[in-house]
Amino acid sequence: MPYVLAEYVWIDADGGCRSKTKVMHGKSTVTLKDLPHWNYDGSSTGQAPGEDSEVIIHPAAVFSDPFRGGNHVLVMTDTYTPAGEPIPTNTRAPAKEIFDMAPEEEPWFGIEQEYTLFKDGTPLGWPKATARSFGGPTVQLGFPGAQGPYYCAAGADVAFGRDICETHMMMCLEAGINISGINAEVMPGQWEYQVGPCTGIESGDHHWMSRYILNRVCEDKGVVCSYEPKPIPGDWNGAGCHTNFSTKNMREKKDGYEKYILPCIENLGKKHAEHIAAYGEGNDQRLTGRHETASIDTFKWGVADRGASVRVGNDTKKNGKGYLEDRRPASNMDPYIAADLHAPRPPCARRA
Ligand code: ADP
Ligand code: MN
Ligand code: MN
Ligand code: MN
Ligand code: MN
């Protein structure tokens, strides 16, 4: 008898990914419509009370499973009550509603995911300092040489964890995720990948699954991936999730920059506080106005300015059309929310 293994992935109360396996007996391939609703114990993920613990998961997007290979699949799901209402942590359902109101805008998102790799409590490549005390040796965090040589570096003294970054990219490609690049970051042990451009809700689906795959690749190597916005305090870059955004008009109209991108940036400035509140826990530690960020308290935009809240590339200005980069979202942000906040809204669209 043939079978397909379907790994159902969902988002927990803390913005982590959880998953479990369903054996699809008698199937040799599956598509979205073959995959039934399922449920999990929401009392174990902080998403439901013990006496009514079932959270129902609805398959939303199917990817190839690069770990099991064959026709096995990874399934991105979203979360509902038994009565069919999205649970409070389901950010996909409201985002999809917004996107479905104006599909003709064709909103594109390209998300740059930065992350930090840890082993035994220190970032990869960081030395351990051993301090002697009367109780015996105590291990503390030691510090590597100051930032400068690590960004996009090659070499065993400057690049730490490339195998993970590289394996993750290959796994995403195998899965069918629209990953568009990788690079080593400014802080040693920190890396980045980009997913996109993806249209509308697909951006969050691809992005969440890319995080799940990263966690699995790290698990295989005994390494922990941190999505903390400021994993190491002090003179070390934080980790962000720059969100590149455009609509069809911004990309294609010959006056896209003047007529669509600039007004969009003006709107983003007016809604600065609302966006900041939704751009990740602990982002205040990262958005200090230093280390390639603008201060959390001010909205500032600029062409080619990496100290701005929103940056426009030189090409976009020169060509008179293109896209903008929102540099504020933190590495632990929810890509469904970030996309939702940028989604073009028809005048009738109102959010609760
Ligand atoms: P940076 O120069 O800020 O490091 P990256 O190259 O890391 O930029 O990431 C840019 C992201 O923007 C990529 O994911 C890319 O696919 C995406 N992108 C490119 N064009 C557009 C567009 N028109 N709209 C939205 N995203 C785009
Ligand atoms: Mn059980
Ligand atoms: Mn980048
Ligand atoms: Mn970066
Ligand atoms: Mn960027």
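Numbering of residues starts from 1 in every chain and runs along the sequence as written. The naming scheme follows written order: chains are lettered A onward, ligands numbered 1 onward. Residue-level local features of this predicted model are given only where pLDDT is at least 70; pairs of side-chain atoms are given and counted only at 80 or more, and the full residue set underlies all totals for whole chains, interfaces and linings.

- An unreviewed UniProt entry lists the chain under the name Glutamine synthetase, with Durusdinium trenchii as the source organism.

1. Regarding helix α5 (residues 256-270)
Then, in step 1: A run of H or I in DSSP becomes a helix once it reaches four residues, and a run of E becomes a strand once it reaches two; helices and strands are each numbered from the N terminus. Expected span, for any helix, means 1.5 Å times one less than how many residues it has. If you check α5, its first and last C-alpha atoms are 20 Å apart, about what 15 residues at 1.5 Å a residue would give, namely 21 Å.
Then, in step 2: Think of it as a crowd count around each C-beta: if 20 or more other C-beta atoms lie within 10 Å the residue is buried, if 12 or fewer it is exposed, and in between it is partly exposed, with C-beta placed from the backbone throughout. All of the buried residues in α5 are G256, Y257, Y260, I261 and L268.
Then, in step 3: Note that contacts rest on C-beta atoms placed from the backbone: two residues are in contact if these are within 7 Å. At its buried positions, α5 is contacted by α4 (248-252), α6 (272-278), β15 (310-312), α7 (314-319) and β16 (324-326).

2. Describing the site of ligand 1
Then, in step 1: All residues are tested the same way: a C-beta atom is placed from the backbone, and lying within 6 Å of a molecule or strand makes the residue near it. Taken together, 17 residues form the shell around ligand 1, and within it G110, Q194, N244, S246 and Y323 come nearest.
Then, in step 2: Elements represented by at least two residues in the shell around ligand 1 include exactly β6 (108-119), β10 (179-184), β11 (190-199) and β13 (241-246).
Then, in step 3: Classifying every residue of the shell around ligand 1 gives five nonpolar, nine polar and three charged. Under this grouping Gly is polar, as are all residues other than the nonpolar Ala, Val, Leu, Ile, Met, Phe, Trp, Tyr, Cys and Pro and the charged Asp, Glu, Lys and Arg.

3. Some details on the confidence of the model for the chain
Then, in step 1: Each residue gets a pLDDT score, which is the predictor's confidence in that residue and runs from 0 to 100. When pLDDT is averaged across the chain, the result is 93; 95% of the residues are at 70 or more.
Then, in step 2: Contacts of residues 346-352 to residues separated by more than four positions or lying in other chains number four contacts, the stretch itself having pLDDT below 50.
Then, in step 3: For this predicted complex, the interface confidence score (ipTM) comes to 0.98, while the overall pTM stands at 0.95.

4. Remarks on the environment of I201
Then, in step 1: The topology assignment puts I201 in the loop between β11 and α3 (202-221).
Then, in step 2: Excluding residues that lie within four positions of it along the chain, I201 makes contacts with R92, A95, K96 and F99.

5. Looking at the nonpolar core
Then, in step 1: Only buried residues count toward a nonpolar core: Ala, Val, Leu, Ile, Met, Phe, Trp, Tyr and Cys, linked into one set through C-beta atoms within 7 Å. In this structure, V9, F63, V75, A175, M209 and I213 are the most contacted members of the largest nonpolar core, which totals 81 residues.
Then, in step 2: Of the residues forming this core, the biggest block, seven residues, is contributed by α3.

6. Comments concerning the packing of α3 against helix α8 (residues 335-342)
Then, in step 1: Think of each axis as a best-fit line through the C-alpha atoms, taken over the contacting stretch in the case of a helix, with angles from 0 to 180 degrees between the N-to-C directions. Direction vectors running N to C along α3 and α8 enclose 160°, while the axes themselves pass 8 Å from each other. One element, α3, and the other, α8, form an angle in the roughly antiparallel class. Considering the relative orientation of α3 and α8, their crossing is right-handed. Facing α3, whose interface residues are S203, G204, H207 and W208, α8 presents P335, Y336 and A339. Orientation labels follow simple angle bins: below 35 degrees gives roughly parallel, above 145 gives roughly antiparallel, 65 to 115 gives roughly perpendicular, and whatever is left gives oblique. Crossings are classed by handedness, with left-handed meaning an anticlockwise turn of the near helix from the far one by less than a right angle and right-handed meaning a clockwise turn.

7. Digging into the sheet that holds strand β4 (residues 54-64)
Then, in step 1: When DSSP locates at least two bridges between a pair of strands, those strands are taken to pair. Within the open sheet, the five strands sit side by side as β2-β1-β5-β4-β3. Their pairing is mixed. Since the sheet does not close on itself, it has two edges, and those belong to β2 (17-25) and β3 (38-41), each with one partner. The average undirected angle you get between the axes of adjacent strands in this sheet is 40°.
Then, in step 2: In this sheet, strand β5 (residues 73-80) lies alongside β4 in antiparallel orientation, the contact comprising eight bridges. For V62, the partnering residue across the bridge sits in β5 and is V75.
Then, in step 3: α3 rests against β1 (3-11), β2, β4 and β5 of the sheet, and its axis sits at about 95° to β2.

8. A look at helix α2 (residues 162-175)
Then, in step 1: Compared with an ideal rise of 1.5 Å per residue, which puts 14 residues at 20 Å, α2 spans 20 Å between its outermost C-alpha atoms and is within 8% of the ideal.
Then, in step 2: When α2 is considered as a whole, its buried residues turn out to be I164, C165, H168, M169, M171, C172 and A175. Seen end-on, α2 carries its buried residues on one side only, within an arc spanning 165°. Counted as exposed and oriented over 90 degrees from the buried face of α2: D163 and M170. Arc, as used here, means the arc of the directions from the helix axis to the C-beta atoms.

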